[in-house]
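Take a look at the letters that make up each chain.
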Amino acid sequence: MTAVIRIDVASPVPVYRQIGDAIRALLVAGSLKPGDLLPPVRQLGIDLAVHFNTVAEAYRSLSDEGWLDLKRGRGATVIERPTPRRAPPESERRFAQRMRELVAASRAEGMPVAAIAQQLRGMTEELEP
Amino acid sequence: MTAIWMITALPFFFECIVMYVLPSLSRRTQFFGVTVAPDFRETAEARRILRAYRNQAVAHSIIGFCGCVLAVARNAPSGLAFAALWPGVGSLSAIALAHRAALRHAAPASSVRTASLRPRPRALPGGPWVWAGPFAILAAPATYVALHWSEIPERFPIHWGFGGRPNGWAARTVGGVYQFPAIGALVCLLMVFVAWQVGLNSRGSTAMRRQTVRAMAALAYLLAVLFGWLTAALPLGHGAPSPLNLGIIMGAAALLIVAIVVFGMRAKEEPEPDQAPSAAPGLVLGLSAAPGDNMADRYWRAGLFYFNPEDPVLFIEKRIGMGYDLNFGNPRAWVFLGVVLLIPLVVMLLSRL
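Residues numbered from 1 in each chain as written. Chains lettered and ligands numbered in written order. Predicted model: local features only at pLDDT ≥ 70, side-chain atom pairs only at ≥ 80, totals over all residues.

Asks: Describe the domain arrangement of chain B, with residues and values.
Replies: Residues and elements named next belong to chain B. Under the domain assignment, chain B is made up of domain 1 (2-103) and domain 2 (128-352). Between domain 1 and domain 2, the contact holds 27 residues from the first and 23 residues from the second. Those elements that place two or more of their residues in the side of domain 1 that touches domain 2 are helix 1 (2-21), strand 2 (34-35) and helix 3 (77-103). Its residues assigned to classes, the side of domain 1 that touches domain 2 comprises 17 nonpolar, eight polar and two charged. (Domains from an automatic or database assignment. Contact = placed C-beta atoms within 7 Å. Helix = DSSP H or I, 4+ residues; strand = E, 2+ residues; numbered from the N terminus. Nonpolar A, V, L, I, M, F, W, Y, C, P; charged D, E, K, R; others polar.)

Below, the structure written as structure tokens:
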């Protein structure tokens, strides 16, 4: 397993969410597979120079989503998570809303439409089995 | 006598070389502990700061050596201690001055942090047998001395003055005879603890972590051999200092330091196993920036001491030189330092038993 996560402490997004989002992206992409062991909360906290509780919060949210099995003092293990057969309509609406906000923010920063479209296409291709 | 003077001059000469090259043992994006642009080192200002630092470092070594000569000539042990400390303390103050000058050219620190999701091994690298070796080395002469207990005189010399005359003695008691293996075991225990904590509780490149643990092991073996020799030699009357004895000890220490520097430089060149080599590395000796060391310069006091209470790390890769520094913002660092300072106290107590 070679997986690296990246956070930006200057970002307005809380660090625990950035950690959770980064690990989730690796889980969805298949870079982390069932049975893989994640580093203990202390180790990841030290490597990212953030408080242990911040990492613990990220692990807990991923555990609540069914991605991780948490064992005290032994880190977290990736577990088999059945993909929900169909996302509830609320989930799709939330996704569309967040995507619209993200695209608007990127456009406001001057990112060209073609670049946004290319990024989205690339991400969709990565998700396809 | 000439040999003794040459051996006395050696540590000062060696320290002078180490301090002279020290700024070159940093990443290119760090100059005297300050984050700078990768091409800053080529500027006239950087060269001026470096030249001023090196002049001061050489001057402090010369002052230290002259002080040492004077102290010996006047038979002043306290002056000798002062002279021996001078080059180190003087060079550190020169680094602090260079750090202050470099701060005017600091580049903004990055807010991006990365981490590998590969769990680190929790056990000591090399396995328990590697780390048991130094203790076995200490146990062997201790057993030898126990078997030859009757040959030990009631009082034996353990310290010698400038003229080579003994001026410190120990009695044939358990405390007097076994103080050397006990001190050796304490120091080796400290090496084991540092190696274990650097493995678990540090931030820096994987290669530097591995190299530091190896250096700790090598140091533990060297010290075990030294204290083992003292254990067997002093009570049986073979420990009087001679140019050969001192030369061997200093030679071994110098070899170890050179090995640490050479292997440390190689370690700094190794890319992280989980990350592609940086496209724009930035470095002296072609090295990429140390992983996890994009913290703001304000946390690095004088470029030498890391103080960040918000950072949970205990050991962090040095910005100047090889190895790790303590995070003095972490209360556990002060506990660790307290334990280290307790060792001389234990030594004193042991020698009085």
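Let us keep going from here.
Asks: Any details on the interface of chain B and chain A? Residues and values, ideally.
Replies: Across the contact, 19 residues belong to chain B and 24 residues belong to chain A. Of all the elements, strand 3 (residues 112-116) of chain B adds the most residues to the side of chain B that touches chain A, at five residues. The residue inventory of the side of chain B that touches chain A, partitioned by class, reads seven nonpolar, six polar and six charged. Two elements, strand 1 (residues 4-8) of chain A and strand 3 of chain B, share five bridges in a ladder whose sense is antiparallel. (Pairing = 2+ DSSP bridges.)

Asks: Would you mind going over the sheet that holds strand 10 (residues 324-326) of chain B in detail, with residue names and values included?
Replies: All names here are of chain B. Judged by pairing direction, the sheet is mixed, and its three strands sit side by side in the order 6-9-10 without closing on themselves. On the outer flanks of this sheet lie strand 6 (202-203) and strand 10, each paired with one strand and no other. With three bridges joining them, strand 9 (residues 315-317) and strand 10 adopt antiparallel strand pairing. Across the sheet, the residue bridging to F315 is L326, located in strand 10.

Asks: I'd like a rundown of the nonpolar core, residues and numbers included.
Replies: A general trend in soluble globular proteins is that nonpolar side chains are found buried together. Residues and elements named next belong to chain B. Ranked by size, the top nonpolar core spans 55 residues in total, and within it M191, M216 and A220 carry the most contacts. Leave out the neighbours within four places in its chain, and A220 touches P134, C188, M191 and V192. Formed by 23 residues, the second largest nonpolar core is a distinct cluster that contains C16, L22, A46 and A83. (Core = buried A, V, L, I, M, F, W, Y, C linked by C-beta atoms within 7 Å. Buried ≥ 20, exposed ≤ 12 C-beta atoms within 10 Å, placed from the backbone.)

Asks: I'd like to hear about the sheet that holds strand 3 (residues 68-71) of chain A, residue by residue, with values.
Replies: Residue and element names in this part refer to chain A. The strand order 2-4-3 describes an open sheet built from three strands, whose pairing is antiparallel. Looking along the sheet, the strands with just one partner apiece sit at the ends: strand 2 (37-38) and strand 3. When strand 3 meets strand 4 (residues 75-78), the two strands line up antiparallel, connected through four bridges. Bridge pairing in strand 4 links L70 to A76. Taken strand by strand, helix 3 (residues 52-64) contacts strand 3 and strand 4, and its axis lies near 130° from that of strand 3. (Axes fitted to C-alpha atoms, helices over the stretch in contact; angles between N-to-C directions.)

Asks: How would you explain the confidence of the model for chain B if you had to name every residue and give the values?
Replies: Residue and element names in this part refer to chain B. Of the residues in chain B, 90% have a pLDDT of 70 or more, and the chain-wide mean is 83. Per-element mean pLDDT across chain B ranges from 76 in helix 1 up to 94 in strand 8 (residues 305-306). Within the model, the stretch residues 276-289 combines pLDDT values under 50 with 30 contacts to residues more than four positions away or in other chains. Here the predicted complex scores 0.78 on pTM and 0.77 on ipTM. (pLDDT = per-residue confidence, 0-100.)

Asks: I'd like a rundown of the packing of helix 1 (residues 15-29) of chain A against helix 3 of chain A, residues and numbers included.
Replies: Residue and element names in this part refer to chain A. Relative orientation of the contacting elements helix 1 and helix 3 amounts to 45°, with a least axis distance of 8 Å. Classed by the angle they form, the pair helix 1 and helix 3 counts as oblique. Where helix 1 crosses over helix 3, the two elements pack in a sense that is right-handed. Only T54, V55, E57, A58, S61 and L62 of helix 3 make contact with helix 1, whose side of the interface consists of V15, Y16, I19, G20, I23 and R24. (Parallel < 35°, antiparallel > 145°, perpendicular 65-115°, else oblique. Left-handed = near helix turned anticlockwise from the far one by under 90°.)

Asks: Before we move on, can you summarise helix 5 (residues 174-200) of chain B with the specific residues and values?
Replies: The first and last C-alpha atoms of helix 5 of chain B sit 37 Å apart over 27 residues, in line with the 39 Å expected at 1.5 Å per residue. When the local axis directions of helix 5 of chain B are compared, the greatest deviation, roughly 40°, occurs at F180 of chain B, which is followed within four positions by the proline P181 of chain B. (Expected span 1.5 Å × (residues − 1). Bend = angle between axes of the 7 residues up to and from the residue.)

Asks: Describe the packing of helix 2 (residues 41-48) of chain A against helix 3 of chain A, and please don't skip the residues or the numbers.
Replies: All names here are of chain A. Between helix 2 and helix 3, whose axes approach to 8 Å, the crossing angle comes to 120°. Taken together, the axis directions place helix 2 and helix 3 in an arrangement best described as oblique. The handedness of the crossing between helix 2 and helix 3 comes out as right-handed. On helix 3, the residues touching V41, R42, L44 and G45 of helix 2 are F52, T54, V55, A56 and Y59. The residue inventory of the contact of helix 2 with helix 3, partitioned by class, reads six nonpolar, two polar and one charged.

Asks: Give a detailed account of the domain arrangement of chain A, specifying residues and quantitative values.
Replies: Its domain assignment divides chain A into domain 1 (15-78) and domain 2 (89-127). A C-alpha centroid distance of 25 Å is found between domain 1 of chain A and domain 2 of chain A.

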